[in-house]
Amino acid sequence: MKKQLLTVKDIVQITGITARTLHYYDRIHLFKPTHLTEKGYRLYDRSSLEKLQTILFLKELDFSLKEIADILKLTRKEQKQIMNNQSHVLQARIKKLETIKTAIDEYVSGKDIGSLHVFDSSSVLPLQEQYANEASFFYGKTEAYKEYNERLEKLSSDERVKLFSSVEQVFKNIASNMNQSPSSAIVQRLIAEWREHLEQLMTCDSNLLTCIADTYKYDIRMKNHINQYGNEDFADFLHSAIMHYISKS
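To start, this report covers the structure provided alongside it. Per chain, residues are indexed from 1 in the order of the written sequence. At least 70 in pLDDT is required for a residue's local features to be given in this predicted model, at least 80 for side-chain atom pairs to be given and counted, and no such filter applies to totals for whole chains, interfaces and linings, which use all residues. Only hydrogens and water are removed before side-chain values are computed, so all heavy atoms of the structure are retained for them.

Some remarks on the sheet that holds strand β3 (residues 42–45)
Move 1: If DSSP finds at least two bridges between two strands, the strands pair. Helix and strand assignments come from DSSP, with helices taken as H or I runs of at least 4 residues and strands as E runs of at least 2, each series counted from the N terminus. Strand order in this open sheet of three strands is β1-β3-β2, and the pairing throughout is antiparallel. Edge positions in the sheet fall to β1 (5–7) and β2 (35–36), since each of these pairs with one other strand and no more.
Move 2: Relative to β3, β2 runs antiparallel, the two being bridged by two bridges. In the strand pairing of β3, His-35 is matched with Leu-43.
Move 3: Of the strands in this sheet, β1 and β3 are in contact with helix α1 (residues 8–15), which crosses β1 at around 85°. Residue contacts are counted whenever heavy atoms from the two residues lie within 4.5 Å of one another. Angular values range over 0 to 180 degrees, each being the angle between N-to-C directions of two axes fitted as lines to C-alpha atoms, with helices fitted over their stretch in contact.

Let's talk about the nonpolar core
Move 1: Of all hydrophobic cores here, the largest spans 27 residues; its most connected members are Phe-171, Ile-174, Ile-191, Trp-194 and Leu-238.
Move 2: Those elements giving two or more residues to this core turn out to be α8 (157–175), α9 (185–198), α10 (206–218) and α12 (234–248).
Move 3: Residue contributions to this core peak at eight residues, all from α12.
Move 4: Residue contacts for Ile-191: discarding those within four places in its chain leaves Ile-174, Leu-238, Ala-241, Ile-242 and Tyr-245.
Move 5: Note on terminology: a nonpolar core comprises buried Ala, Val, Leu, Ile, Met, Phe, Trp, Tyr and Cys residues joined through side-chain atoms within 4.5 Å. We call a residue buried when its accessible area falls under 20% of the maximum for its residue type, exposed when it is over 50%, and partly exposed in between, using a 1.4 Å probe and counting protein chains only. Membership of the second largest hydrophobic core comes to 17 residues, among which are Leu-6, Tyr-25, Phe-31 and Phe-63.

Here's the deal with the side chain of Asp-45
Move 1: Checked against the element boundaries, Asp-45 lands in strand β3.
Move 2: Here Ser-47 takes part through its side chain, which lies 2.8 Å from a polar atom of the side chain of Asp-45. N or O atoms within 3.5 Å of each other form a polar contact, as long as, within protein, one can give a hydrogen and the other can take it, and as long as residues adjacent in sequence are counted only when both atoms are side-chain atoms.

Describing the environment of Phe-63
Move 1: Relative to the helices and strands, Phe-63 resides in the loop between α3 (46–60) and α4 (65–71).
Move 2: On a C-alpha basis, the gap between Phe-63 and Met-83 in space is 9.9 Å, while along the polypeptide they are 20 residues apart.
Move 3: Once residues lying within four places of it in the same chain are set aside, the contact partners of Phe-63 are Leu-58, Ile-68, Ile-71, Ile-82, Met-83 and Gln-86.

None of this, on its own, says anything about what the molecule does.
Encoded structure:
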């Protein structure tokens, strides 16, 4: 029986790739036809179809065409090692995509970007670290910032987490009382509690508290961060509550 040859049209019908792609693979010497007719038509034998299917398989695994050309030259054992390495690469990519998906969902739900972890596996510094570097750049020479930094470095990781979690909880408690006046007894008690937590890191006189309150209200990034604990009016409410606390101190 005469050996059956496949035309470009046949290959397209069997695999689903386009004729243009098949011609391109021929041009870059990745997958060449078995025969050329006198009129220049490409023909392929059935055994070459296996090679094309391997190429398409590797492409789906996210290898570049150059990498695929190199892989096809390797032994089966060497190819398995390459596949194993690619599996680890793809697993890391899946993990990053899951982090990005979570960040998108949290952002849509109202969280500020400063609380998200989208940069954790990136060459870009995490936003919290960027904020710290920015603060150091602008305020690093002030006594208050030096005091803050010195006290913060003395805390263990667990102590830092506990302190920042306590401050966040105070914000949430204040937000739950936004139906009260900023000058109400319960809100003012919570402001005093907030100050006590801050005092673990710096001496909070009226000037510094005013500076912090103004940052909450007028720095758009900080305002967005603070608002995530309540609603879009929370930073303004918190500013009013702190200013009333200062006026009564």
